[in-house]
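# Topology and contacts: notes
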Amino acid sequence: MKYPKEYLDEIKLRLKVSQVVGKTVQLKKRGKEFIGLSPFKNEKSPSFTVNDEKEFYHCFSSGEHGNIFDFLMKTKSIGFGEAVKNLAAEAGMQPYRFSNFDQKKDLRFQTYKNIFKDYTNYFNKQLYDQNYQEALNYLFKRGLKKNIIDEFNLGYVPWKNNFYEELLKKYSEEDINSTGLYYKNDKTGKYVDRFNSRVIFPVNNITGDTIALGGRIIRESKLAKYINSPETEFYKKGNMIFNLDKAKDSRSKTDQVLIVEGYMDVVSVYASGIKNVIANSGTALTERQINLIWKFFSNPIICLDGDESGQKAAIRIAEKLFPLINETNKIYFSIMPQGKDPDDYIKESGKDGLINLLKKKEIIQSFIWNYNLNKIDQNNPYEVSKFEKEIKKISYSILDETLKKYVLEDFLEKIKQLTPIQSSRQNYKYSSYKKKKDYQILKETKILHQKRKDLSKIQIIEFSILFIILNYLDIAAKKLEELSKIVFLAEKNESLKNVIIASLSEGSDKEAISLKINTGHDKIIEEINENSNIQIITKNKTEEDIIALIEELIQDHKEQSNLRRIESLEQKLINNLDENSYSELIRLKSQLNRE
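To start, this report covers the structure provided alongside it. (Residues numbered from 1 in each chain as written. Predicted model: local features only at pLDDT ≥ 70, side-chain atom pairs only at ≥ 80, totals over all residues. Heavy atoms only, no water.)

## Remarks on the overall build of the protein chain
Along its length, the protein chain carries 28 helices and 17 strands. Within the span of the protein chain, comprising 595 residues, buried residues form 47% of the whole. Across the protein chain, the fraction of contacts at a sequence separation of at least 24, relative to all contacts at a separation of at least 6, is 64%. Entry remark: accessible area of the protein chain is about 31,300 Å², with carbon and sulfur atoms responsible for 48%. (Helix = DSSP H or I, 4+ residues; strand = E, 2+ residues; numbered from the N terminus. Buried < 20%, exposed > 50% of the residue type's maximum accessible area, 1.4 Å probe, protein only. Contact = heavy atoms within 4.5 Å. Areas by Shrake-Rupley, 256 points an atom, 1.4 Å probe, with all protein chains shown as cover.)

Next comes the structure, spelled out in structure tokens:
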């Protein structure tokens with residue numbers, strides 16, 4: 001029996017190809033793709049590529065090509081059904097059992113989706129009816145244009161419309177009522193449109209099917225401003241994310257997604273050109289929702305209103321989701337200015353204004369710290385004591401044991417700075433590494449790991465070489481010829497290297513060289529010190545050891561440069577088979593194998 005297409009599509013949407021393949025193959029990011037050594041053939045130069053956007057892998061050495069199901073079948077030697085079961089479990093989905101119940105449920109779901117499709121399409125057309133110009137004007141006043149209105153399939157449900165009768169011509173009363181679009185009036189016994197007199201926002205599942213609605217009243221009324229569909233067999237509020245079906249298309253371009261509070265916030269931000277924006281569907285952000293978001297975006301930014309209720313909602317979310325963070329999946333917070341929501345802000349400051357605001361985002365542990373710290377009197381030992389206990393309690397809630405240790409160490413250092421006596425006992429000049437306590441070393445290691453994760457291997461090698469040159473000028477002077485032959489990938493790294501080499505070649509003394517390199521290169525030197533852990537390796541090493549180390553790094557840099565050149569040539573050959581490029585590719589691969 002065949003799996004429903006929707007079931008397989010949802011698995012593929014929830015799981016990146018790189019996520020599945022990465023458990024078997026060590027992958028390295030290269031532009032929009034990942035590259036690694038083939039799992040199908042022994043090789044020294046990587047020819048295996050993964051493209052998350054196109055949802056496939058391809059092996060140039062063996063010709064193997066396929067999706068996540070194919071990969072499991074070929075690498076684990078299992079059948080299609082077993083691959084689907086394994087991947088469904090990894091995606092957090094229930095197994096498909098092919099029972100009579102499941103088949104009937106699929107049929108009910110098809111009918112359910114069709115009813116919503118007919119309903120939303122009909123009321124989208126009503127929005128442009130001259131009799132309901134007020135509704136269209138409302139959306140225009142909110143800054144929306146026709147193309148955005150139609151892309152989101154927004155609509156208007158007039159008072160006392162007769163669409164229920166139209167639906168009865170195609171569907172049974174039971175099927176219609178299962179959608180939650182109508183409710184029965186106890187007095188008249190008639191079915192009433194739940195969303196009458198409201199602009200409607202279709203809520204789609206991850207594959208783009210509308211399965212619920214949000215509605216907003218457009219006139220002053222005693223009725224609730226916003227309402228949502230009730231939960232149904234196929235719509236569970238705690239599982240749904242508004243606009244994730246569109247936002248997920250941005251995952252190949254960014255690992256960030258903006259989480260806002262309301263439907264109109266999403267539509268306004270999306271209309272400005274920021275496509276990676278979503279909202280939780282009529283409920284507080286749940287564990288299931290954040291886990292679903294993380295499958296597409298590892299660094300979500302929660303952006304709530306700037307009023308007191310928005311702040312309180314943000315800290316509740318932060319403390320609720322804090323236990324779930326890990327080194328891969330993080331959460332950031334960005335709070336709007338007082339009295340503003342994202343819809344207001346985008347209208348006043350535009351896309352660039354919002355992007356600049358988001359640059360000031362706080363990672364979750366800093367947000368929790370600052371929020372709680374601002375509530376206490378730091379001169380009151382009782383409040384500080386209570387604050388410390390609360391912060392420790394929050395830290396202990398983290399499920400990832402390793403991260404828990406580092407976050408706690410980070411908090412403990414900050415706590416020690418809260419009182420004059422504690423802070424005076426230590427010199428917190430970060431340029432000195434000699435007298436730091438163990439907790440400080442742990443913190444530096446954690447920061448190092450977080451920053452280094454965004455660096456490529458060749459960038460780390462370049463920083464390591466530069467660290468040795470900067471701190472061991474006498475040794476660098478002995479390796480001028482070798483250092484001159486390598487060309488650094490990063491322009492700023494190459495510039496600094498050339499300044500040092502030129503100074504050493506001229507016979508300048510150390511003081512003069514230090515003065516020259518500190519003029520205009522302070523930022524890159526700071527980056528080198530922060531992102532190169534070579535300083536730990538070189539500690540207490542002899543001159544002979546340092547020389548051996550820099551020789552090894554120079555060789556590593558040559559290999560990485562050749563690999564990048566090979567990758568470039570392979571990509572060129574894919575697009576245009578050129579004899580000269582092919583000969584160069586063979587030469588580089590042979591050289592790499594010899595080395």
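## Observations regarding the packing of aromatic side chains
The description of an aromatic ring pair uses the distance of the two centres, along with the angle that the planes make with each other. All told, the structure shown has 32 aromatic pairs when counted by the stated rule. Both rings, one in Y119 and one in F163, keep their centres 6.1 Å apart while their planes meet at 70 degrees; by these two values the pair is edge-to-face. Residue Y119 is found in helix 5 (residues 100–126), and its partner F163 is found in helix 8 (residues 163–168); the two are separated by 44 residues along the sequence. On the basis of relative accessibility, which here comes to 0%, the residue Y119 falls in the buried class. For F163, a relative accessible area of 7% corresponds to the buried category. Both rings, one in Y164 and one in Y182, keep their centres 4.8 Å apart while their planes meet at 75 degrees; by these two values the pair is edge-to-face. Highlighted residues: Y164 in helix 8 and Y182 in strand 7 (residues 182–184), separated in sequence by 18 residues. Each member of the pair, Y164 as well as Y182, is classed as buried. Aromatic rings pair up to connect Y119, Y122, F123, F163, Y164, Y182 and Y191 into one cluster. (Phe/Tyr/Trp six-rings, centres within 6.5 Å; stacked < 30°, edge-to-face > 60°.)

## Focus on the packing of helix 23 (residues 491–505) against helix 25 (residues 522–531)
Close contact between helix 23 and helix 25 brings their axes to 11 Å; oriented N to C, the two are set at 105 degrees. On the basis of the axis angle, helix 23 is roughly perpendicular to helix 25. Across the interface between the two elements, K492, N493 and L496 from helix 23 touch I524, I525, E527 and I528 from helix 25. A per-class count over the contact of helix 23 with helix 25 returns 4 nonpolar, 1 polar and 2 charged. (Axes fitted to C-alpha atoms, helices over the stretch in contact; angles between N-to-C directions. Parallel < 35°, antiparallel > 145°, perpendicular 65-115°, else oblique. Nonpolar A, V, L, I, M, F, W, Y, C, P; charged D, E, K, R; others polar.)

## Regarding the side chain of K295
Here K295 is to be found in the loop between helix 12 (287–294) and strand 15 (299–302). Salt bridges are absent for the buried K295, whose nearest opposite-charge side chain, E90, sits at 6.6 Å. In terms of polar contacts, K295 uses its side chain to reach the backbone carbonyl oxygen of E90, at 3.1 Å. When neighbours within four sequence positions are excluded, K295 is seen to be in contact with R14, L15, K16, Q19, E90, A91 and R251. (Lys, Arg positive; Asp, Glu negative; His and termini not counted. Salt bridge = Lys/Arg side-chain N within 4 Å of Asp/Glu carboxyl O. Polar contact = N/O pair within 3.5 Å; in protein donor to acceptor, adjacent residues only side chain to side chain.)

## Thoughts on the environment of I468
If you trace the backbone, I468 turns up in helix 20 (residues 457–471). With relative accessibility at 0%, the residue I468 sits in the buried group. With 78 residues separating them along the chain, I468 and I546 place their C-alpha atoms 7.9 Å apart. With near-sequence residues (within four places) excluded, I468 lies in contact with I534, T538, I546, L549, I550 and L553.

## Overview of the sheet that holds strand 1 (residues 28–30)
Strand order in the open sheet made by the 5 strands is 1-2-3-4-5, with antiparallel pairing throughout. The sheet terminates laterally at strand 1 and strand 5 (65–66), the two strands that pair on one side only. On top of the sheet, helix 3 (residues 68–76) reaches strand 3 (48–51), strand 4 (56–59) and strand 5; it is set at about 45 degrees to strand 4, its chief contact. (Pairing = 2+ DSSP bridges.)

## Considerations on the nonpolar core
With 60 residues, the main nonpolar core has Y119, L139, L258 and L354 as its most contacted residues. Setting aside anything within four residues of it in sequence, one finds L258 in contact with V269, N276, V277, I278, I301, C303, L354 and L358. (Core = buried A, V, L, I, M, F, W, Y, C linked by side-chain atoms within 4.5 Å.)

## Considering the sheet that holds strand 10 (residues 210–217)
Read from one edge of the open sheet, 4 strands run 6-9-10-11, paired in antiparallel fashion. Edge positions in the sheet fall to strand 6 (155–157) and strand 11 (226–228), since each has one partner strand and no second. Between one strand axis and the next, the sheet turns by 35 degrees as a mean value, whatever way the strands run. The sheet contact formed by strand 6 and strand 9 (residues 198–204) spans 3 bridges and is antiparallel. Directly across from G155, in strand 9, lies its bridge partner I200. Along the sheet, helix 5 makes contact with strand 6, strand 9 and strand 10, crossing strand 10 at roughly 35 degrees. Contacting strand 9, strand 10 and strand 11, helix 11 (residues 263–271) runs over the sheet at an angle of about 75 degrees to strand 9.

## Some points on unusual backbone geometry
The residue S77 is not glycine, and still its phi comes out positive at about 55 degrees. For S77, the position within the fold is in the loop between helix 3 and helix 4 (80–90).

## A closer look at helix 17 (residues 401–416)
The terminal C-alpha atoms of helix 17, which comprises 16 residues, lie 23 Å apart, in line with the 22 Å expected from a rise of 1.5 Å per residue. Turning to helix 17, its buried residues are L403, K404, Y406, V407, L408, E409, D410, F411, E413 and I415. Of the residues flanking the start of helix 17, the one acting as N-cap is D400, its side-chain oxygen 3.1 Å from the backbone nitrogen of T402. (Expected span 1.5 Å × (residues − 1).)

## Details of helix 11
Of all 9 residues in helix 11, 8 are buried, a share of seventy percent or more. Along helix 11, the residues classified as buried are Y263, M264, D265, V266, V267, S268, V269 and Y270. Where helix 11 terminates, the next one or two residues include G273, which has phi positive at roughly 115 degrees.

## Some details on the pattern of salt bridges
Oppositely charged side chains may form a pair once their charged atoms are brought near each other. Scanning the model with the defined rule gives 28 salt bridges in all. Its salt-bridge partner being K485, residue E481 comes within 3.6 Å of it at the nearest N-O pair. Linking E481 with K485, this pair stays in helix 22 (residues 480–485), spanning 4 residues, or about one helical turn. The exposure class assigned to E481 is exposed, which follows from its relative accessible area of 55%. On the basis of relative accessible area, K485 is assigned to the exposed category, the value being 59%.

In short, geometric facts, not functional conclusions.
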